[in-house]
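Structural description and commentary
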Amino acid sequence: MADTAGRLHTKSNLMDELGKVRRVAEKGAGTVTETLLVIDATTGQNGLTQAREFGEVTNVTGVVLTKLDGSAKGGIVFAIETELAIPVKLVGIGETIGDLIDFDPEEFVSALFER
Ligand SMILES: Nc1nc2c(ncn2[C@@H]2O[C@H](COP(=O)(O)OP(=O)(O)OP(=O)(O)O)[C@@H](O)[C@H]2O)c(=O)[nH]1
Ligand SMILES: [Mg+2]
């Protein structure tokens, strides 16, 4: 598992580096089975731009939507799924390892209508 820290979609040198990480990981016997992009639920429209740009360099296979324990609902994932066909795979509902859980679409939609 590789965790790439501190990436900014606006910094082209960091994005090039990320593309290289993926290419190296796929060399020889290497296989990249999943590439997850973490998006904070408080991220608005910029989340779509981030998903598009990261998707271009690394072929993102899923989104991890974090900080759903706050008041933010993370509605940007609808645009990411509709426009880029990248599904949400995991959600974060707190700061401990047990708070990273499988995405449940029905629960997610219900939570959108809770006040
Ligand atoms: N409340 C809450 N806090 C979270 C959640 N996910 C992450 N955090 C907190 O957010 C902070 C930043 O998380 P990191 O995992 O360090 O963020 P990162 O995206 O890896 O950041 P970089 O490595 O700097 O790119 C930490 O204090 C986490 O505990 C979540 O789902 N809910
Ligand atoms: Mg990190």
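Quick look at the structure, then. Only a predicted model underlies this, so the values are computations on that prediction, with no experimental measurement involved.

1. Focus on the overall build of the chain
Along its length, the chain carries four helices and four strands. Written out in order from the N terminus, the α and β elements of the chain read α-β-α-β-α-β-β-α. In terms of C-alpha radius of gyration, the chain reaches 15 Å, essentially the compact-globule figure of 13 Å for 115 residues. Counting every position in the chain, which comprises 115 residues, the buried fraction comes to 28%. Residue pairs in contact within the chain that sit at least 24 positions apart in sequence constitute 65% of those at least 6 positions apart. Total accessible area on the chain is roughly 7600 Å²; 53% of this is exposed by carbon and sulfur atoms.

2. A short note on the nonpolar core
Formed by 19 residues in total, the largest nonpolar core has its most connected members in Ile-39, Leu-65 and Ile-80. Looking at this core, the elements with two or more residues in it are α1 (12-25), β1 (36-40), α2 (46-58), β2 (62-66), α3 (76-84) and β3 (88-92). Beyond its immediate chain neighbours, meaning those up to four positions away, Ile-39 contacts Gly-47, Val-63, Val-64, Leu-65, Thr-66, Ile-76 and Ile-80.

3. Focus: the site of ligand 1
Near ligand 1 the following residues occur: Ala-5, Gly-6, Thr-66, Lys-67, Asp-69, Gly-92, Ile-93, Gly-94 and Glu-95. At a separation of 2.9 Å, an oxygen atom of ligand 1 approaches a polar backbone atom of Gly-6. The backbone of Gly-92 places a nitrogen or oxygen atom 3.2 Å from an oxygen atom of ligand 1. Considering ligand 1 on its own, with 660 Å² of exposed area, one finds that the protein chains cover 47% of that surface. When grouped by side-chain class, the residues that make up the shell around ligand 1 number two nonpolar, four polar and three charged.

4. Concerning the pairing of β3
Pairing geometry for β2 and β3, over three bridges, is parallel. Directly across from Val-64, in β3, lies its bridge partner Leu-90. Once the chain exits β2 it traverses α3 before rejoining the sheet at β3, and the crossover so formed is right-handed. Sheet analysis places β3 next to strand β4 (residues 100-102), joined by three bridges and oriented antiparallel.

Criteria and cut-off values
Residues numbered from 1 in each chain as written. Chains lettered and ligands numbered in written order. Predicted model: local features only at pLDDT ≥ 70, side-chain atom pairs only at ≥ 80, totals over all residues. Heavy atoms only, no water. Helix = DSSP H or I, 4+ residues; strand = E, 2+ residues; numbered from the N terminus. Rg over C-alpha atoms; globule rule 2.2 N^0.38 Å. Buried < 20%, exposed > 50% of the residue type's maximum accessible area, 1.4 Å probe, protein only. Contact = heavy atoms within 4.5 Å. Areas by Shrake-Rupley, 256 points an atom, 1.4 Å probe, with all protein chains shown as cover. Core = buried A, V, L, I, M, F, W, Y, C linked by side-chain atoms within 4.5 Å. Near = heavy atom within 4 Å. Polar contact = N/O pair within 3.5 Å; in protein donor to acceptor, adjacent residues only side chain to side chain. Nonpolar A, V, L, I, M, F, W, Y, C, P; charged D, E, K, R; others polar. Pairing = 2+ DSSP bridges. Right-handed = clockwise from strand over helix to strand, strands pointing away.

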